[in-house]
Amino acid sequence: TYLDYVGGWNCPDSYYTANQGVYFCKDMVVTDVVGHEYAHGVNWWHLVYSGQSGALEENHSDLIGEMFEYWRTGTNDWLFEADTPFGALRSLIDPPSLISWVTNGPFPDRFTSANLYCGSDDNSGLHHNSTVPSKAHYLASMGGNFNGCTIAAIGRAAVEQVLYRCKTVYYTS
């Protein structure tokens, strides 16, 4: 459903809500956003959409969006919403490289980061703090250097299986 035709919603936006479905502004119908919003439909029943569990849900939706982008195009950029007219909202490669709308500062890339948000805005920082596990998933998939360590990749397929196991076994309401 396009938000342009739903009264009371202003574009640009996209969202999922239980029992109502997924809504998109026309500029937001891009592969990773579509995968992300539909992943919320699966996540909705597993995690409380607030605080750390909400950050895990948002992280899962970002990762599903990137997996869907890779499946559909053969490549992905690890940037959420990069293909919209507004540019990337979150970076899974380098979270602090982008500015969060929650804090007007950089996103965190680890749990001990000074950028981690502990306030009550944004359902206790669920969008802002979602980049912590996103960075870990990127490093596990692609490898790289982080925090003085070299991380060897286990590959996309293995990380997808870990994510699936988390969703079906460990993420419970």
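Since this is a predicted model, take the numbers as computed values, not measurements.

Criteria and thresholds
What you see as residue numbers is a count from 1 along each chain, following the sequence as written. Per-residue local features of the predicted model are confined to residues with pLDDT of at least 70, and side-chain atom pairs are confined, for both listing and counting, to 80 or more; whole-chain, interface and lining totals are unaffected and use all residues. For side-chain calculations, the full set of non-hydrogen atoms in the structure is used, while hydrogens and water are omitted. Salt bridges are identified by distance alone: a Lys or Arg side-chain nitrogen within 4 Å of an Asp or Glu carboxyl oxygen. The way it works is that DSSP assigns letters per residue, a run of H or I at least four long becomes a helix, a run of E at least two long becomes a strand, and they are numbered from the N terminus. The rule is simple: take the accessible area with a 1.4 Å probe, protein chains only, and divide by the maximum for that residue type; under 20% is buried, over 50% is exposed, in between is partly exposed. Note on terminology: a nonpolar core comprises buried Ala, Val, Leu, Ile, Met, Phe, Trp, Tyr and Cys residues joined through side-chain atoms within 4.5 Å. In this description, contact between two residues means that some pair of their heavy atoms is separated by no more than 4.5 Å.

A word on the pattern of salt bridges
The tally for this structure, following the rule as stated, stands at 2 salt bridges. Note that Arg 90 and Asp 62 form a salt bridge whose closest N and O atoms lie 2.8 Å from each other. Taken as a pair, Arg 90 in strand β4 (residues 90-91) and Asp 62 in helix α2 (residues 51-73) lie far apart in primary sequence, 28 residues in all. Both residues of the pair, Arg 90 and Asp 62, count as buried. A cluster of three or more residues bridged by salt bridges with shared partners is formed by Glu 58, Asp 62 and Arg 90.

Quick notes on unusual backbone geometry
Its identity is not glycine, yet Asn 104 carries a phi of approximately 60°, on the positive side. Structurally, Asn 104 is set in the loop between β4 and α3 (121-129). Of the residues examined, Asn 104 reaches a relative accessible area of 66% and is grouped as exposed. Here Asn 123, not a glycine, exhibits a phi torsion of approximately 50°, which is positive. Among the structural elements, Asn 123 can be located in helix α3.

Points about the nonpolar core
One finds Leu 63, Met 67, Trp 78, Leu 92, Tyr 138, Leu 139, Phe 146 and Leu 163 forming the largest nonpolar core, which totals 8 residues. Mapped onto this core, the elements with two or more residues apiece are α2 and α4 (131-142). The contact partners of Leu 63, leaving out residues within four places of it in the chain, are Trp 78, Leu 92, His 137 and Leu 163.

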